Amino acid sequence: MNEQEKKSYLTRYHEAKEKGVPFFPDIIFKDVIVSLLVFVLLIALARVVGVPLEARADPADTNYTPRPEWYFMFLFQLLKYFPGNLEVIGVMVIPTLMILLLLVLPYIDRSPKRHYMNRPWASLAALAVVGGIATLTVLAVLEAPPPQVTAGADQAALLYSKNCSNCHGPSIDVPPGTDLHQLIAGGKHAGMPAWGGDLSTDEIDALAGFIVSPKGSALYTSQCGSCHELTVLAAGNPLELQRVLDQGPDYPPHTGVQVQRWSDTLSVSERNALLNFLAAPDGQRLFAVNCAGCHGHGVVFSGDEKQLRTLIADGGQHLAMPAWRGTLTEGDLVTLAAYVVDPAATPAGQTLFEQHCSTCHGDHVPASPDKDTARKVIATGGGHVTMPVWGTVLTPEQLDALVTYTLAAGQGGGAAAGGQLYAQNCSPCHGQFGEGGPNPTRAGDIIAPISSAEFLKTRDDITLRAIISQGQPNFGMSPFGAANGGPLSDDEVDAVVSFMRSWEANPPVELPTEVAQAQAAALTGDQLFTNVCSRCHGPLGEGGIGPALNTPAFQAKYDDQALYDLISKGHAASQMIAWGEVLTTEQIQQLVRYVRALQPGQDPMTFSGAVLPLLQEKCAVCHAADIKLGGWDSSSYKAVMTTGDNSPVVVPGDVSASLLAQKVLGTHTQGKIMPPSGKMTAWNIQLITDWIAAGAPDN
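Just so it is clear, the structure is predicted and the values come from calculations on it, not from any experiment.

Looking only at helices and strands, one finds 36 helices and six strands in the chain. The 699 residues of the chain split such that 37% are buried. The contacts in the chain between residues at least 6 apart in sequence include a share of 64% that link residues at least 24 apart. Total accessible area on the chain is roughly 39700 Å²; 60% of this is exposed by carbon and sulfur atoms.

Okay, here's the thing in structure tokens:
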């Protein structure tokens, strides 16, 4: 370029610079083009690379460390330097000032110079801001704790998050006196499912504790969770729990364990929250654990709620029994004393007890070490029972729940009413204390105890409610629920369940009842096994409470004589009684032969003795005669073969075409395995398919 061209170019440049370039459409057109290119690039990246998404947020999982996106981390790090009341400075003041500075910057900085070397203050300020953001981002990354060093997960909160929070939100307000365990197990409101079929009793207890005291759940995780798993909580004994918190490292089981002295480290409100979590304010359970030992199933109280609360809170010698000497004859005193020591051996004392003592004692017979002590207490009366000062043991919420329940029980509600209903409707077959015995509706049948610890632990409330309401016709038990043609309303069925659950604190029966030989004499080997052994060992010997009998290992472990001795003498380490005192020699020999036939792949039993009991156990919940989901009824041979929306459900001789086999095998086109609770054992499935393959006989 020569001088003339250079001079001409500079002239045009200065003229163009003085004239300028219009913002619209020239400048904005360039911006639109660049923005469009960036937009297209973002769409391409989203389509090709994708957006990485993590798992759904779980607030109960403390093993996960939540972090903001990297371009926000400096802001969160900034907040760390403004704790408490100063937080507003980091959240609002500083960001607002920076935005305002950017808005007014064009009016402050009017320098025509553009090179950064000619703008030292602006350049240094920009470097300081960028450096500060970078430094805060690096610090945020370095200071974030890795997931493996965070606290353990709150298992109760996790249960609530998975099962309850979708409908109830983060918390639930529970009125005092609510039986949360029963409510959760049985559902019964606003479309809430009965969780008793999906959650264990321990899990329901943990949920009840979390609902009434989420803070206590967090305290349990932080203070106790490192040593203790989440076991039975809501049924915890408040006296013992209070002792644990008071003694801390001095509590005997804590010997050699580094624990805090919680009476010093936790505030009163924190201790109350922890106690409410460990022993949820469930009036019925609190009464059963703490009061039923002396008061039975209810307390007759004529005062109001305030007076009862004061009585329970203050404790002390609260029962002033009259001196019965002079009112009762000497013979009556002796009879009553003998009845108190051994009620079963002194039936004549029951009338005297009901006439003179049941007003205060209800159905609970107080214990006494001997007849002389009992006679002295009855004769002289006075303040004879010292009740703990519950006001120093229970939290205010627990005390409220206990007072509410005690008043209801004293007025004939809850377990007290259930006791009366049980006596009227259930005791003729199950016995006064649930001890069982000969079945009056079926000759030769033996009713097992329903008040043993084993029975109550393995049946939740919804199962008990279903049995009472629907009955068990195959065992001679008629339906008792009004919905099934029985005499009891839903509330009355619930009251009977409450009464049965009150046995759990002190089970009246520890071992199966002794069955009279005369009642069992007519039973054959398969009948004996079905009525006597299957309750523990499974209807097919597949095991349950007791060990499996149909396995090669069990069959090889015992020869015939050892098996005979085991049945005859019982098992000292289990609840199996000595059946040699009940059954004849021939019957035990029949049992031995029957157990020997319990080999996998061999079916010594009939439809009525094997297949039908299995269907009743696994299918009757949904396919009983009065429910018939899908139109199918599993209660009898005729119903199994002829009912169902897609009948026939069973095609004799053709396993692959039988809908029943497809459902239990999981080969149905819909892919839904039955029963919904989980696939049956291989031995149970084999029994059904072998029966179908054999032509589905009615035998």
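Moving on from the coordinates now.
Our next topic: empty space enclosed by the protein. The final tally for this structure, using the stated rule, is two cavities of 30 Å³ or more. The calculated volume of the largest cavity comes to roughly 60 Å³. Lining the largest cavity, in full, are Asp179, His181, Gln182, Asp282, Gln284, Arg285, Asp461, Ser498 and Arg501. Elements with a minimum of two residues in the lining of the largest cavity: helix H8 (180–186), helix H14 (283–290) and helix H26 (490–501).

Okay, the packing of aromatic side chains next. Applying the stated criterion to the full structure yields eight aromatic pairs. Look at Tyr71 and Phe72: their rings are 4.9 Å apart centre to centre, the planes differ by 65°, and that puts the pair in the edge-to-face class. Its relative accessible area of 40% is what places Phe72 among the partly exposed residues. Both rings, one in Phe554 and one in Tyr558, keep their centres 5.1 Å apart while their planes meet at 45°; by these two values the pair is tilted.

Packing of helix H11 (residues 238–247) against helix H13 (residues 268–278) brings their axes to within 11 Å, and their N-to-C directions diverge by 145°. Crossing hand, H11 versus H13: right-handed. Contacts between H11 and H13 involve Leu241, Gln242 and Leu245 on the former and, on the latter, Arg271, Leu274, Leu275 and Leu278. Its residues placed into classes, the contact of H11 with H13 shows five nonpolar, one polar and one charged.

Another aspect to go through is the pattern of salt bridges. Applying the stated criterion across every chain, the model contains four salt bridges. Across the pair Asp250 and Arg261 runs a salt bridge whose closest N-O atoms are separated by 2.9 Å. Of the two residues, Asp250 is situated in the loop between H11 and helix H12 (262–265) and Arg261 in the loop between H11 and H12; the sequence distance between them amounts to eleven residues. You can call Asp250 exposed: its relative accessible area is 51%. The partner of Asp400 in a salt bridge is Arg309, and the shortest N-O contact between them spans 2.3 Å. Pair noted here: Asp400 is in helix H21 (residues 396–410) and Arg309 is in helix H16 (residues 305–314), with a separation of 91 residues, a long-range link. By relative accessible area, Arg309 is classed as partly exposed at 29%.

Quick reminder: α-helices carry 3.6 residues per turn. Residues three or four places apart thus point the same way. Taken residue by residue, helix H20 (residues 371–380) has Ala374, Ile378 and Ala379 as its buried positions. The buried residues of H20 occupy one face: seen down the axis, they fall within an arc of 125°. Residues of H20 that are exposed and point more than 90 degrees away from the buried face comprise Asp372 and Lys376. Capping the start of H20 is the job of one residue whose side-chain oxygen sits 3.2 Å from the backbone nitrogen of Asp372: Asp370. Phi turns positive, to about 65°, at Gly381, one or two residues after H20.

To continue, consider the side chain of Thr395. Turning to its location among the elements, Thr395 is positioned in the loop between strand S4 (386–387) and H21. Overall, the relative accessible area of 1% leaves Thr395 in the buried class. With sequence-adjacent residues up to four places away left out, Thr395 is seen in contact with Asn272, Leu275 and Asn276.

In this section: the packing of helix H25 (residues 461–470) against H26. The N-to-C vectors of H25 and H26 enclose an angle of 125°; their axes lie 10 Å apart at closest approach. Overall, the two elements H25 and H26 adopt an arrangement that is oblique. Our pair here, H25 against H26, has a crossing hand that is right-handed. For the pair formed by H25 and H26, the contact residues are Asp461, Leu464, Arg465 and Ile468 on the first element and Val493, Asp494, Val496, Val497, Met500 and Arg501 on the second.

Glancing now at the environment of Phe607. Relative to the helices and strands, Phe607 resides in helix H32 (residues 607–618). With 90 residues separating them in the primary sequence, Phe607 and Pro697 have C-alpha atoms 7.1 Å apart. Setting aside residues no more than four positions away along its own chain, Phe607 makes contact with Leu612, Pro613, Ser636, Tyr637, Val640, Trp691, Pro697, Asp698 and Asn699.

Bringing the side chain of Ser217 into the picture now. Along the polypeptide, Ser217 turns up in helix H10 (residues 214–223). For Ser217, the residues in contact, after removing those within four places along its chain, are Asp154, Ala156, Ala157, Phe210 and Phe277.

Looking now at the confidence of the model for the chain. Per-chain confidence: the chain averages 78 in pLDDT, with 82% of residues scoring 70 or above. Here residues 231–235 is modelled with pLDDT under 50, and outside its nearest four sequence neighbours on either side it reaches 16 contacts, counting other chains as well. For residues 511–522, every residue scores under 50 in pLDDT, and the model assigns this stretch 27 contacts once sequence neighbours within four places are set aside.

Ile184, Leu207 and Leu274 are the most contacted members of the largest nonpolar core, which totals 33 residues. Among the secondary structure elements, those contributing two or more residues to this core are helix H6 (155–163), H8, helix H9 (201–212), H10, H11 and H13. Looking at which element gives the most residues to this core, the answer is H9, with six residues. Ignoring any residue separated from it by four or fewer positions in sequence, one finds Leu207 in contact with Ala156, Leu159, Tyr160, Cys164, Ile184 and Leu199. Core analysis: the second largest hydrophobic core is formed by 24 residues, Ala610, Val611, Trp632 and Val650 among them.

This part takes up unusual backbone geometry. Following Ser647, the chain continues to Pro648 via a peptide bond in cis, the omega torsion being 0°. Positive phi outside glycine occurs at Ala696, with the angle close to 50°. Within the secondary structure, Ala696 is located in the segment after helix H36 (682–693). Residue classification places Ala696 among the buried positions, given a relative accessible area of 1%.

All right, on to the environment of Val259 then. Relative to the helices and strands, Val259 resides in the loop between H11 and H12. The sequence separation of Val259 and Gln223 amounts to 36 residues, and the corresponding C-alpha distance is 8.3 Å. In contact with Val259, other than residues within four places in its own chain, are Gly248, Pro249 and His254.

Analysis parameters
Every chain is numbered on its own, with residues counted from 1 as its sequence reads. Reporting in this predicted model follows two pLDDT cut-offs: at least 70 for local features of residues, and 80 or more for side-chain atom pairs to be given and counted; totals over whole chains, interfaces and linings ignore these cut-offs and use all residues. Note that the side-chain values use all heavy atoms of the structure and ignore hydrogens as well as water. Only DSSP runs of H or I with at least four residues qualify as helices, and only runs of E with at least two residues qualify as strands; both kinds are numbered from the N terminus onward. Under the scheme applied here, a residue whose accessible area is under 20% of the maximum for its type counts as buried, over 50% as exposed, and between as partly exposed, the area being computed with a 1.4 Å probe on protein chains only. We call two residues in contact when some of their heavy atoms are within 4.5 Å. Accessibility throughout is a Shrake-Rupley quantity obtained with a 1.4 Å probe, and a residue counts as covered only by protein chains that appear here. Within this scheme a cavity is a closed region of a 1 Å grid, computed over the protein atoms alone, that accommodates a 1.4 Å probe without allowing it to escape, whereas a pocket is open but has protein on both sides within 12 Å along at least five of seven lines; lining residues each have an atom within 4 Å of a point. Grid points are joined across faces, edges and corners, and a volume is the space filled by probe spheres set on the points. Stacked, edge-to-face and tilted labels apply to pairs of Phe, Tyr and Trp rings (six-membered ring for Trp) whose centres lie within 6.5 Å, assigned for plane angles under 30 degrees, over 60, and everything in between, in that order. Axes here mean lines fitted to C-alpha atoms, for a helix over just the part in contact, with angles spanning 0 to 180 degrees between N-to-C directions. Definitions for this section: a left-handed crossing has its near helix turned counterclockwise from the far helix by less than a right angle. A right-handed crossing has that turn clockwise. Polar here means any residue other than Ala, Val, Leu, Ile, Met, Phe, Trp, Tyr, Cys and Pro, which are nonpolar, and Asp, Glu, Lys and Arg, which are charged; Gly is therefore polar. Just to be clear on terms, a salt bridge is a Lys or Arg side-chain nitrogen sitting within 4 Å of an Asp or Glu carboxyl oxygen. Taken from the helix axis, the directions to the C-beta atoms give the arc we talk about. Whenever a nitrogen or oxygen atom comes within 3.5 Å of another N or O atom, the pair is scored as a polar contact, on the condition that within protein one atom can donate a hydrogen and the other can accept it, and that pairs from neighbouring residues in sequence are kept only if both atoms are in side chains. Each angle receives one of four descriptions, namely roughly parallel if under 35 degrees, roughly antiparallel if over 145, roughly perpendicular if within 65 to 115, and oblique otherwise. A score from 0 to 100, pLDDT tells how confident the predictor is in each residue. Within this scheme, the nonpolar core is defined by two criteria: the residues are buried Ala, Val, Leu, Ile, Met, Phe, Trp, Tyr or Cys, and they are joined through side-chain atoms within 4.5 Å.

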